[in-house]
Amino acid sequence: MLSDRDSNADLAPIPSLLLTAAVHQHLVREQTRTQAALIVESGDCREVHHAAVLIGYGAAAVNPYLAFESVEDMISTGALAGVEPAAAVRNYAKALGKGVLKIMSKMGISTVSSYCGAQVFEAVGLDSRLVDRYFRGTPSRIGGVGLAGVHAEVAARHALAWPPAGTADSDRLEVGGEYQWRREGELHLFNPETVFLLQHATRSRQYDVFRQYTAKVDALAAQAGSLRGLFTLRTGVRPAVPLDEVEPASEIVKRFATGAMSYGSISAEAHETLAVAMNRLGGKSNTGEGGEDVERLHDPLRRSAVKQIASGRFGVTSEYLVNADDLQIKMAQGAKPGEGGQLPGNKVWPWIARTRHATPGVGLISPPPHHDIYSIEDLAQLVHDLKCVNPAARVHVKLVSEVGVGTVAAGVAKLKADVILISGHDGGTGASPLNSLKHAGTPWELGLAEAQQTLLLNKLRDRVTVQVDGQLKTGRDVLIAALLGAEEFGFATAPLIVAGCVMMRVCHLDTCPVGIATQNPVLRERFTGTPEFVENFFLFLAEEVRGYLAELGLRSIEEAIGQSELLDVVPAVTHWKAHGLDLAPVLHLPELPAGAARRGVRAQDHGLEQALDNELIALARPALSEGAPVRVEVAVRNEHRSVGAMLGGEVTRRFGARPSRGHHRVRAARHGRAVVRRVPAARGDPAAARRRQRLRGQGPLRRSPDRPPGRRRAVPRPGRRAGAARGGPDHRRQHHPVRGHRGRGLPAWPGGGAVRGA
């Protein structure tokens, strides 16, 4: 039993994780670990992550006694009402348990016995000697505080709890501010002052105010607000160049993209505002994994250039794929690595459900991507499938910054992905559960540097484009990302703030007061953003980047990519916790042959010229061009990948999602034959009429008593009017969970009437 209950004015408690890991590692070294179980009684365990790391470093059971007593105290003082103390404690314990199970599922671990002592964590900011002694086997790439630093923090916290004699005692606790800005809480780069400056600058189009915003954010970053805040630019290495010799802002903005925020997580107005702005600038907006409304899909101004897919769910159709400039495979999410996308049921309004091919009011959750893609071969096949459907589109693979991401990036480059996206641990639209906002993934600076170095060492860097995202806010952030190896840059939170977001952190509740992260028509009327505001932000950002490029003696972003030797850390490391950091691994440049490219300079060879579909498309030309029936038989071998994908994409490009002149079908026949048929759907065709009748929901198919067994026709079920058959119009009025107002547990739709559109 390891307990800190006996701490007092003279004895400060050892952090429970350090205590548990120390005992665990000692027993492992003595080869007696299996002879005892560790039970931890902890006063500093209060969140799910705290319980998870204690179990991960050897605890068989955890008693967060101070959290339990705090819950009981809140009930006794009236801060928490409507629940008995025993029930409240049970609820808290159940929440911790479910949270730990969710973390285990992210890591693909099924049993707690496998998770206990597994140490599936990475340390950021801990000295290597401390890690080797107490957390042996845990990666810690950049060093940090040692045992003395931990002691200093414990002593400071203990002094607050037990103030020296003669000092005024206070019952007031620290406000925290981990998840939301508080005046006396944790440092946040986006706070009321920086949000105001950013919105004021972009709405009034004042570049000098924008520079005030970036100066404030960069100053906060230097106070240990971010890892990149510890870097400085080596401006004396090359002679500065005149600003008018640097590439214009209109070219730099083409490297910018907005983040993958789905239609559903944010409103149509916010989503289209970002898309219109990026299309005007020549950059790219991203659909997210929620599909795209057909009305926008074919509108060059309102469409999103990047179409994201996760597990092929929620609006991913052939029409969606062929109308993309880029296709992005979401292997992981930066804001919550190891989890799939999640849209709460209260945000699935009818128009969202229509776009996602889902049911109104029912929550939509994608499983973690690694539940569908088990190997690099699976990912390679998915990349090839997408390239076949839309040969003109670049295929992205989105990865999260974490230890080992360089090895994964090398594999992704070998499997012929065109773009590798390294996503940082922070960011997101605020729709993530609180348990997912922290303690997952690492800063993008670490992942980007590792990916760049690994790709260079394996001579793969020249065939891929590298993109980065994760709370990029200023021109300095963009430049540092470029120097570490990024060619393109993604933004999500900052453009939303420009559009009017005030960081209320209620995105998942569908109650956003400024009409951004909501589908409620009443709240959406409050949206005040315009594409012009977003355009101003990106143009200001590009202009600031131009200034930094001129100071460094560079004439374009292209010249800056991968030039990590222009970064330094010595003058920047001033925070007391940063003294032990060793950022040299981040800035390391592998030995390269003369003239070796540090960026993508050639396209991937996807081998589409050898695809069987080229022959199928040529043979099906009469059907594609003239509508004539075609029957083709060709041999199919196991070396033929994605048979029919290119042909299906060609059919969709020509005829859209619902061809008016019939439809084409590709089926793999027996004995290795591919059969291509055009099936006419003439109005006079009885079979086609029956198909249309079935699709329109005019009654389920049941065998009519006056028909022979081999034939079927649609007849209503007994006791039900013809129009009330399942799927019929009367059925929608009687049973539709939204329009019929008979759904259980669904949100109350505004207006009280039938909601038929956005």
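Residues numbered from 1 in each chain as written. Predicted model: local features only at pLDDT ≥ 70, side-chain atom pairs only at ≥ 80, totals over all residues. Heavy atoms only, no water.

Trainee: Teacher, can you tell me more about the sheet that holds strand β2 (residues 38-41) here?
Mentor: Sheet strands line up and pair through hydrogen bonds in the backbone, either parallel or antiparallel. Spatially, β1-β2-β3 is the arrangement adopted by the three strands of the open sheet, whose pairing is parallel. Looking at the sheet topology across the chains shown, the edges are occupied by β1 (2-3) and β3 (59-63). Two elements, β2 and β3, share four bridges in a ladder whose sense is parallel. Bridged to Glu41 within β3 is Asn63. (Pairing = 2+ DSSP bridges. Helix = DSSP H or I, 4+ residues; strand = E, 2+ residues; numbered from the N terminus.)

Trainee: Would you mind going over the pattern of salt bridges with me for this structure?
Mentor: Oppositely charged side chains can pair when the atoms bearing their charge come close. Across all of its chains, the model carries 33 salt bridges by this definition. The salt bridge involving Glu289 is made with Lys330; its shortest N-O contact spans 2.4 Å. A residue pair is termed long-range when its members are at least 10 positions apart, and Glu289 in the loop between α11 (268-281) and α12 (294-297) and Lys330 in strand β9 (residues 326-330) qualify at 41 residues. In this pair, the class of Glu289 matches that of Lys330, namely buried. Where Arg602 meets Asp462, a salt bridge forms, and the shortest distance between an N and an O atom there is 3.0 Å. You can see Arg602 sitting in the loop between α24 (584-587) and α25 (612-619) and its partner Asp462 sitting in the loop between α18 (444-457) and β14 (465-469), a full 140 residues away along the chain. Where salt bridges share partners, they join Arg5, Glu41 and Glu69 into one cluster. (Salt bridge = Lys/Arg side-chain N within 4 Å of Asp/Glu carboxyl O. Buried < 20%, exposed > 50% of the residue type's maximum accessible area, 1.4 Å probe, protein only.)

Trainee: Explain the packing of helix α16 (residues 405-414) against α18 to me, please; I cannot follow it from the model alone.
Mentor: Axis angle and axis distance: for two packed helices, these are the angle between their axes and the distance between the axes, and together they describe the pair. In contact at an axis separation of 8 Å, α16 and α18 are set at 50° when each is read in the N-to-C sense. One finds that α16 runs oblique with respect to α18. For the element pair α16 and α18, the recorded crossing hand is right-handed. Between α16 and α18, the residues in contact are Val405, Gly406, Thr407, Ala409, Ala410 and Ala413 and Gly447, Glu450, Ala451, Thr454 and Leu455, respectively. Split into classes, the residues belonging to the contact of α16 with α18 amount to six nonpolar, four polar and one charged. (Axes fitted to C-alpha atoms, helices over the stretch in contact; angles between N-to-C directions. Parallel < 35°, antiparallel > 145°, perpendicular 65-115°, else oblique. Left-handed = near helix turned anticlockwise from the far one by under 90°. Contact = heavy atoms within 4.5 Å. Nonpolar A, V, L, I, M, F, W, Y, C, P; charged D, E, K, R; others polar.)

Trainee: Sorry, what's going on with empty space enclosed by the protein here?
Mentor: The method is simple in principle: a probe with the dimensions of a water molecule rolls over the atoms, and the space it marks as empty is what remains. Tallying each qualifying case throughout the model produces six cavities of 30 Å³ or more. Taken as a whole, the second largest cavity spans an internal volume of roughly 90 Å³. If you trace the second largest cavity, you find 13 residues lining it, with Thr258, Asn286, Gln328, Leu421 and Gln467 closest to the centre. Elements that contribute at least two residues to the lining of the second largest cavity include exactly β7 (256-258), β12 (394-400) and β14. Here the lining of the second largest cavity is built from residues that sort into four nonpolar, seven polar and two charged. (1 Å grid on protein atoms, 1.4 Å probe; cavity = no way out; pocket = protein on both sides within 12 Å on 5 of 7 lines; lining within 4 Å. Points joined across faces, edges and corners; volume = space filled by probe spheres on them.)

Trainee: So what exactly am I meant to see when it comes to helix α27 (residues 645-655) here?
Mentor: An α-helical segment advances 3.6 residues per turn. Residues three or four places apart therefore align on the same side. The element α27 is extensively covered by neighbouring structure, given that eight of its eleven residues are classed as buried. Once α27 finishes, Gly656 follows within two positions and takes phi at roughly 80°, a positive value.

Trainee: Is there a simple way to explain the packing of aromatic side chains in this structure?
Mentor: The geometry of two aromatic rings is summed up by the distance between their centres and the angle between their planes. In this structure the tally under the stated criterion is 16 aromatic pairs. Taken together, a centroid distance of 5.6 Å and an interplanar angle of 20° make the contact between Tyr57 and Phe121 stacked. Placement of Tyr57 in the loop between α2 (48-56) and β3 and of Phe121 in the loop between α5 (112-115) and β4 (125-126) is noted, with a sequence separation of 64 residues between them. Here Tyr57 matches Phe121 in class, with each residue buried. An aromatic cluster is built from Tyr207, Phe210, Tyr213, Phe256, Phe489, Phe491, Phe537, Phe538 and Phe540, whose rings are joined through pairwise contacts. Between Arg5 and the ring centre of Tyr65, over which it is positioned, the NZ or CZ distance is 4.1 Å. (Phe/Tyr/Trp six-rings, centres within 6.5 Å; stacked < 30°, edge-to-face > 60°. Lys NZ or Arg CZ within 6 Å of the ring centre and 35° of its normal.)

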